[in-house]
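Tertiary structure, described
The primary structure of each chain is shown beneath.
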Amino acid sequence: MKSRREMAIGELAALYGLAPHVLRHWEQMGLLTPARAAGGRRVYGSVDATRIALILLAKEAGLTLDQTRYLLTEAADKQARTALYQRHGDLLRGRIAAAQESLAIIEHAAACDAEDITVCPRLREKVAARLPAGLRPDGDAWPAP
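For the structure given in this document, a descriptive report is provided here. Every value quoted in this text rests on a predicted model; they were computed, and no experiment measured them. (Residues numbered from 1 in each chain as written. Predicted model: local features only at pLDDT ≥ 70, side-chain atom pairs only at ≥ 80, totals over all residues. Heavy atoms only, no water.)

Some thoughts on the overall build of the protein
For the protein, the count of helices and strands is six helices and two strands. Its helices and strands in sequence order give the protein the pattern α-α-β-β-α-α-α-α, from N to C terminus. Taking all 145 residues of the protein together, 24% fall into the buried category. Restricting to contacts in the protein with at least 6 residues of sequence separation, those with at least 24 account for 40%. About 10,000 Å² of surface is accessible on the protein, with carbon and sulfur atoms providing 57% of the total. (Helix = DSSP H or I, 4+ residues; strand = E, 2+ residues; numbered from the N terminus. Buried < 20%, exposed > 50% of the residue type's maximum accessible area, 1.4 Å probe, protein only. Contact = heavy atoms within 4.5 Å. Areas by Shrake-Rupley, 256 points an atom, 1.4 Å probe, with all protein chains shown as cover.)

Some remarks on the pattern of salt bridges
With the rule as written, the count across this model stands at five salt bridges. Taking the shortest distance from any N to any O, the salt bridge between E27 and R42 comes out at 2.5 Å. With E27 in helix α2 (residues 20-28) and R42 in strand β2 (residues 42-43), the pair connects residues that are 15 residues apart, well separated along the chain. Looking at E27, the relative accessible area reads 18%, which means it is buried. A salt bridge links D66 to R69, with the nearest nitrogen and oxygen atoms 3.0 Å apart. Taken together, the residues D66 and R69, both in helix α4 (residues 65-74) and three residues apart, mark about one turn of the helix. Residue classification places D66 among the partly exposed residues on the basis of a relative accessible area of 45%. It is possible to trace a salt-bridge network through shared partners that takes in E27, R36 and R42. (Salt bridge = Lys/Arg side-chain N within 4 Å of Asp/Glu carboxyl O.)

Below, the structure written as structure tokens:
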């Protein structure tokens, strides 16, 4: 029976719900460096499993694979890493704010008493704010319900 410390590519990939080609791609990108057994077959251990977990966390945080490689393999400079994390944090805060605004609109639409959502003053205000300044509608510019 194989030790949990040594796994073939398919076995380790399956533990994470990944296809083996994903691990090969990450190896080509320099994110993983599995050991090789006789015949050149990849052998993965606990260090590789931990690295995969880190890569998946970075992906969930919205980092690209190139950014992840930089942070995990090339970034000896703490200032550069910190700057990348700060920029990405700003990006995430912007996405969170946009998602919260979208959620507020959806929640309002779900609870809105208007028979036709296009007559809702709050929705009209949001739509008008998205239009270029010269194209903002007056009351007649809205399509008839």
